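Topology and contacts: notes
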Amino acid sequence: MDFTCTYASPLGDIELASNGEALIGLWFKGQKYDAATLSPTAQEKPDDSVLTQARAWLDAYFEGRDPGEIPPCAPRGSEFRQLVWAKLAEIPYGELVTYGDIAKSIEADTGKKRSARAVGGAVGHNPVSIILPCHRVVGASRSLTGYAGGIERKTALLKLEGVDMSALSVPTKGTAL
């Protein structure tokens, strides 16, 4: 059984989802792929222990502090997406990596060559946004490409973490907007 609750963030309402043991979803309401992996029989249960833990983590995060260890996460997706999402969990607070960096890391771990484009597809479908920090992934040219929650939110999250934005560029067209 999936459980949900709404978290009121400074960047808009967030839907949190749990399977009772781990976080399975964190989406800005109305974002691209919003609740795509959530069971249609999910029930609202704000007192679920996983959701309570996730809200506490988000409280610290939106206060501008490194919230530390992430709550248990169990995003639903293919084996390749799982590999990519595990790499997202390794990106330190306030730091950036590129899609190519993730592809190379997966190749080093598995021996299978993966393209930055394939990684981008998996990052874009990340069902546990912010906590699995897909906003910390940028293009090879330091472009703020892709974020299902919108480029404005990606920028705001990076600024909140103290990332130096001066070397980053915002695309003027494309799917990141």
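None of the values given here were measured: they were computed from a predicted structure. (Residues numbered from 1 in each chain as written. Predicted model: local features only at pLDDT ≥ 70, side-chain atom pairs only at ≥ 80, totals over all residues. Heavy atoms only, no water.)

**Side note on the packing of helix 3 (residues 99–110) against helix 4 (residues 116–124)**
Quick note on the threshold: Under this scheme, a helix contributes an axis fitted over its contacting stretch, all axes are lines through C-alpha atoms, and angles between N-to-C directions fall in the 0 to 180 degree range. The way it works is that DSSP assigns letters per residue, a run of H or I at least four long becomes a helix, a run of E at least two long becomes a strand, and they are numbered from the N terminus. Should an angle fall under 35 degrees it is called roughly parallel, over 145 degrees roughly antiparallel, and 65 to 115 degrees roughly perpendicular, with every other angle called oblique. Every residue pair with non-hydrogen atoms within 4.5 Å of one another is taken to be in contact. Basically, the charged four are Asp, Glu, Lys and Arg, the nonpolar ten are Ala, Val, Leu, Ile, Met, Phe, Trp, Tyr, Cys and Pro, and anything else, Gly included, counts as polar.
The contact between helix 3 and helix 4 brings their axes to 8 Å, and the two run at 105°. Regarding the angle of helix 3 to helix 4, the classification is roughly perpendicular. Two secondary-structure elements touch here, helix 3 through Y99, G100, I102 and A103 and helix 4 through A116, V119, G120 and V123. The residue inventory of the contact of helix 3 with helix 4, partitioned by class, reads six nonpolar, two polar and no charged.

**Concerning the pairing of strand 2 (residues 12–18)**
Threshold: Each residue's exposure class comes from its accessible area (1.4 Å probe, protein chains only) as a fraction of the maximum for that residue type: buried when under 20%, exposed when over 50%, partly exposed otherwise. The criterion for strand pairing is that DSSP finds at least two bridges linking the strands in question.
Summarising burial for strand 2: five of the seven residues are buried, a large majority. Two elements, strand 1 (residues 3–9) and strand 2, share seven bridges in a ladder whose sense is antiparallel. Bridge pairing in strand 2 places F3 opposite S18. Where strand 2 meets strand 3 (residues 23–28), five bridges bridge the pair, whose relative direction is antiparallel. In the sheet register, A17 faces strand 3, and the bridge partner there is G25. Connecting the antiparallel pair strand 2 and strand 3 is a turn made up of four residues, with G20 showing a positive phi of about 95°.

**Looking at the packing of aromatic side chains**
So the rule is basically this: The criterion for an aromatic pair is that two Phe, Tyr or Trp rings (for Trp, the six-membered ring) have centres within 6.5 Å, with stacked assigned to planes under 30 degrees apart, edge-to-face to planes over 60 apart and tilted to the rest.
By the definition in use, this model includes four aromatic pairs. Judged by centre distance (6.1 Å) and plane angle (80°), the rings of Y61 and Y93 are edge-to-face. Placement of the pair is Y61 in helix 1 (residues 49–62) and Y93 in the loop between helix 2 (79–89) and strand 5 (97–98), with a sequence separation of 32 residues. Of the aromatic side chains, those joined through ring pairs into one cluster are Y7, W57, Y61, F62 and Y93.

**So, the sheet that holds strand 3**
With respect to topology, four strands assemble into an open sheet ordered 3-2-1-4, the strand pairing being mixed. For this open sheet the edge positions go to strand 3 and strand 4 (43–44), each flanked by a neighbour on one side alone. Together, strand 1, strand 2 and strand 3 form the strand contacts of helix 1, whose direction differs from that of strand 1 by roughly 15°.

**Remarks on the nonpolar core**
Inclusion rule: Throughout this description, the term nonpolar core refers to a set of buried Ala, Val, Leu, Ile, Met, Phe, Trp, Tyr and Cys residues connected via side-chain atoms within 4.5 Å.
Among the nonpolar cores identified, the biggest contains 36 residues, and L16, V84, L88 and I130 are the most heavily contacted of them. Broken down by secondary-structure element, the contributors of at least two residues to this core are strand 1, strand 2, strand 3, helix 1, helix 2, helix 3 and helix 4. The biggest single contributor to this core is helix 1, with seven residues. Contacts of L16, omitting those with residues within four sequence positions, involve F3, T4, C5, Y7, L23, G25, L26, L51, A54, R55 and L58. One finds L96, L144, I151 and L158 within the second-largest nonpolar core, a separate group that totals eight residues.

**Overview of the pattern of salt bridges**
Oppositely charged side chains can pair when the atoms bearing their charge come close. Inclusion rule: Each reported salt bridge corresponds to a side-chain nitrogen of Lys or Arg within 4 Å of a carboxyl oxygen of Asp or Glu.
Going through the model one piece at a time under the given rule, you end up with five salt bridges. Across the pair R76 and D2 runs a salt bridge whose closest N-O atoms are separated by 2.7 Å. Separated by 74 residues along the polypeptide, R76 in the loop between helix 1 and helix 2 and D2 in the segment before strand 1 bring together distant segments of the chain. The exposure class assigned to D2 is buried, which follows from its relative accessible area of 3%. A salt bridge links E161 to R136; the nearest nitrogen and oxygen atoms lie 2.8 Å apart.

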